[in-house]
Amino acid sequence: MELEVWLRWYAGILEDFGFDRAADEEAAEYLRGFLEEHGSIDLHGLELPSRNFIVFGAGPSLKEHAERFRGLDENLTVVSADGATTALLEEGIVPHIIVTDLDGRVEDILEASRLGSTIVVHAHGNNLEKLRRYLPLLKNLAGTTQSIPSRPLYNFGGFTDGDRAVFLAVALGAERIILAGMDFGDTVTRYSRPGIKGETARADPVKKLKLEYARKLIEWIRTNRDVEIETW
Ligand SMILES: Nc1ncnc2c1ncn2[C@@H]1O[C@H](COP(=O)(O)OP(=O)(O)OP(=O)(O)O)[C@@H](O)[C@H]1O
Ligand SMILES: Nc1nc2c(c(=O)[nH]1)N=C(CO)CN2
Ligand SMILES: [Mg+2]
């Protein structure tokens, strides 16, 4: 998504959620400084197994779709959105790329990073403390911001980890993207909300609105980009 198009979406997001743009920028500047000092991955230089991608979100169909993927005889580039990483590791799947704002089960993101996943960390006004705590523990890092990016940060467009993962796949030249565990709707899973009792719960109003944005942003890709999107 072109930056100026994204910035119009972002203005609406700031208003709808009451987020503070200056706090988003402060977090982004922390991430930028960290990556400048410690090094980061050039995402356009990544060697990926295929231009056919599968993006895993943390919706109720995640587990079933992870099992379906294991049975698939096809070489795909696997991208997981934050909390979905836990379910993939449970199935013995190590994603090539993880897109995260570090509010899932960070132990699993750390484990995947040790196993070789590229970790695309997003900075925003509500995760500066997580950035401070976890960046030093992670390997194979790249960074994104939702405001105007300065090197080495990227902004491919997108809001939640799941739709940002789809924008990333498009930016990396995806021809086809399978959406797995991307149910949207109003049910969250323990992969998305590790604190809940049981497997699923009703999404709170903020999460519901985030999922609504995720759905609309992916719809924008379907309409505006020449990529085949297949929903499982
Ligand atoms: N029903 C669903 N419940 C949770 N995530 C879903 C669902 N459907 C799709 N997703 C996608 O899965 C992604 C990963 O979920 P997760 O809750 O870990 O992410 P998140 O973007 O960090 O959300 P939050 O900011 O609410 O913590 C979401 O960003 C979202 O795009
Ligand atoms: N300021 C701010 N930005 C975000 C937030 C959030 O909670 N606060 N959550 C996101 C992922 O869903 C993406 N961006
Ligand atoms: Mg997250």
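As recorded by an unreviewed UniProt entry, the protein carries the name 6-hydroxymethyl-7,8-dihydropterin pyrophosphokinase and is attributed to Methanothermobacter wolfeii. According to UniProt, the comment filed for the protein under the heading Cofactor (unreviewed entry) is "Mg(2+)". Regarding the protein, the UniProt comment filed under Sequence similarities (unreviewed entry) reads as follows: "Belongs to the archaeal 6-HMPDK family."

Caption draft 1: How the structure looks around the coordination of the magnesium ion (ligand 3). Here the magnesium ion (ligand 3) is held by the protein donor atoms Asp-82 (OD), Asp-101 (OD), Asp-103 (OD) and Asp-161 (OD), which lie 2.0 to 2.2 Å from it. The sequence motif formed by the donor residues of the magnesium ion (ligand 3) is D-x18-D-x1-D-x57-D. Within this pair, whereas Asp-103 is found in the loop between strand S3 (97-100) and helix H5 (106-114), its partner Asp-161 is found in helix H7 (residues 161-171), the two being separated by 58 residues in sequence. The exposure class of Asp-161 is buried, given its relative accessible area of 10%.

Caption draft 2: Representation of the packing of aromatic side chains within the structure. Applying the stated criterion across every chain yields a total of 10 aromatic pairs. Measuring from centroid to centroid gives 5.8 Å for Phe-56 and Phe-69, while their planes differ by 80°, and the two rings are edge-to-face. With Phe-56 in strand S1 (residues 52-56) and Phe-69 in helix H3 (residues 62-70), this residue pair connects regions lying 13 residues apart in the sequence. Connected via pairs of aromatic rings, a cluster forms that spans Trp-9, Phe-17, Phe-19, Phe-159 and Tyr-213. Positioned above the aromatic ring of Trp-232, the side-chain terminus of Arg-68 is 3.8 Å from the ring centre. A cation sits over an aromatic face here: Arg-132 above Tyr-30, 5.1 Å from the ring centre.

Caption draft 3: Structural detail: the pairing of strand S6 (residues 176-180). Of all 5 residues in S6, 5 are buried; the element is thus mostly enclosed. Alternating residues of S6 divide into Arg-176, Ile-178 and Ala-180 and Ile-177 and Leu-179, and every residue in both groups is buried. By the bridge criterion, 5 bridges tie S1 to S6 in an arrangement that is parallel. Paired with Asn-52 across the strands is Arg-176, a residue of S6. Looking at chain direction, S6 and strand S9 (residues 228-231) are connected through 4 bridges and run parallel.

Reading the values: the criteria
Residues numbered from 1 in each chain as written. Chains lettered and ligands numbered in written order. Predicted model: local features only at pLDDT ≥ 70, side-chain atom pairs only at ≥ 80, totals over all residues. Heavy atoms only, no water. UniProt positions renumbered as here; feature names shortened; annotations may be inferred. Donors = N, O, S within 2.8 Å, 3.2 Å for Na, K, Ca; no water. Helix = DSSP H or I, 4+ residues; strand = E, 2+ residues; numbered from the N terminus. Buried < 20%, exposed > 50% of the residue type's maximum accessible area, 1.4 Å probe, protein only. Phe/Tyr/Trp six-rings, centres within 6.5 Å; stacked < 30°, edge-to-face > 60°. Lys NZ or Arg CZ within 6 Å of the ring centre and 35° of its normal. Pairing = 2+ DSSP bridges.

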